[in-house]
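Next come the chains, spelled out residue by residue.
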Amino acid sequence: MNIEILVFFYMGICVSMILFNCVVLALNMIQKKRMNRRDRRLEPYIREQLELLERGEEIEEGHLAEMEEVFKKLAYLRSFEDSMDVLEKEKPELSRKYLKALSPCFVNGAADYFKRDILEATYFTWLIRKYEIAKDENTEFWTEEMRKLLQTSSIYCRENALNILYDMGNAAVVVNALLLLDERQIFHYSKLIHDGMLEFKGDKQELLKEIWSAFERFSVDMKVTLLSYMRLSSAECCRQVFEVMMRNDQDDEVYFACMRYFGRFYYEPVYPVLLDILSNPDDGRWEKAAIAASVLRNYPSERSVDVCMQALYSSNWYIRNNAAETLESFGLTYADMAEVFEGNDRYAREVLQYWLDYRSVKEGR
């Protein structure tokens, strides 16, 4: 009898757990639907103001005062965004004028939201970028506020702040912001920085000039990031990059970044340096030879072929692989490299065979 009671007790527990999980699942589904439901309660009021603008009139002062109150509550701010998403598609030009007229509301809202919880500050910053509020007006105010946000602990808030500075298009401001991150030792992912800089809305030549004027003030990590940006943006500054690369006791990571840059830009003075690195690899830093083998695909010549052929016999897999890939990029055939296939080094044959087969498959497609 006691065993039967115990079994029923456990069955009751199991049924209770199943019911509890079903209730939680149902509540989560309801909450998710609520979150995904667009709140457009402000749309009629905003639409009235757009109609005024369409007739050449000004937005009502009372409406601006009401929007000041709207911006103080996060739920209403979300409703504002949902309403604007619809109206921007219908009337983009009028919506742009309307948002410009709301610039004082965003300025006052920033003073409030940037003192709140970091998630709310991040959301408000994202709205500023989305509606390009900081692009043309109150630039000094927004620049100073974004510099403050760069020092927060949230990577999302920092990223939004940086993107706003990129959109503002002031080269000096962007470089000073990067210096601030660097000097305060605030970690921000390198890829986020150089990818964001590619979207810079101002004069990119001016940005490049500002970077070089402050280049030596940056840390090693930031120098590598900036060199990556120059490479990805196709910024032609071969002379400056070569000078950085050839400085005595240059940090290895900066040196590698400079080498990769010349994989995109042909620069005659760096060619013998690359050949020497691959011909006489440093066993302590095999990365130099591996990168040189890869970069040489931008420097096709008989000498490059000879050096890469010798690199196929390296004991390091990365050097062999990059050299074989470079030889394949030169368009060489099996007959051109018969000595490798007829030789005794199985590893050299296999890596070369792989890249030649890869080319055959690619051409077959």
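Residues numbered from 1 in each chain as written. Predicted model: local features only at pLDDT ≥ 70, side-chain atom pairs only at ≥ 80, totals over all residues. Heavy atoms only, no water.

So, on to the overall build of the protein chain. Helices and strands together make up the secondary structure of the protein chain, namely 21 helices and zero strands. Expected size for 365 residues packed as a compact globule is a radius of gyration near 21 Å; at 30 Å, the protein chain overshoots this value by more than 25%. Per-residue burial for the protein chain yields a buried fraction of 43% across its 365 residues. With the model as given, the accessible surface of the protein chain reaches about 20,800 Å², and the carbon-plus-sulfur share is 52%. Taking the average location of the 47 positive side-chain charges in the protein chain and that of its 61 negative ones, the two points are 4 Å from each other. (Helix = DSSP H or I, 4+ residues; strand = E, 2+ residues; numbered from the N terminus. Rg over C-alpha atoms; globule rule 2.2 N^0.38 Å. Buried < 20%, exposed > 50% of the residue type's maximum accessible area, 1.4 Å probe, protein only. Areas by Shrake-Rupley, 256 points an atom, 1.4 Å probe, with all protein chains shown as cover. Lys, Arg positive; Asp, Glu negative; His and termini not counted. Charge placed at Lys NZ, Arg CZ, Asp CG, Glu CD.)

A few words on a nonpolar patch on the surface. Together, Leu6, Phe9, Tyr10, Ile13 and Met17 make up an exposed nonpolar region whose accessible area comes to about 510 Å². Relative to the elements of secondary structure, Phe9 occurs in helix H1 (residues 2–36). (Patch = residues over 30% accessible without salt bridge, like charges linked within 9 Å, V, L, I, M, F, W, Y side chains within 5 Å. Salt bridge = Lys/Arg side-chain N within 4 Å of Asp/Glu carboxyl O.)

Checked against the element boundaries, Ala171 lands in helix H10 (residues 171–183). Residue classification places Ala171 among the buried positions, given a relative accessible area of 5%. Remark: the alpha-carbon pair of Ala171 and Gly202, spanning 31 residues in sequence, is separated by 6.9 Å. When near neighbours in sequence (up to four residues on either side) are disregarded, Ala171 contacts Phe200, Glu206, Leu207 and Glu210. (Contact = heavy atoms within 4.5 Å.)

Further remarks concern the side chain of Asn322. Relative to the helices and strands, Asn322 is located in helix H19 (residues 317–329). Classification of Asn322 as buried rests on a relative accessible area of 17%. With near-sequence residues (within four places) excluded, Asn322 lies in contact with Ala290, Ile291, Ala293 and Ser294.

Time to look at the environment of Gly263. With respect to the element layout, Gly263 can be found in the loop between helix H15 (252–261) and helix H16 (271–279). Note on Gly263: relative accessible area 33%, which makes it partly exposed. Spatially, the C-alpha atom of Gly263 lies 8.7 Å from that of Ala292, the residues being 29 residues apart in sequence. Among residues more than four places away in sequence, those in contact with Gly263 are Val295 and Asn298.

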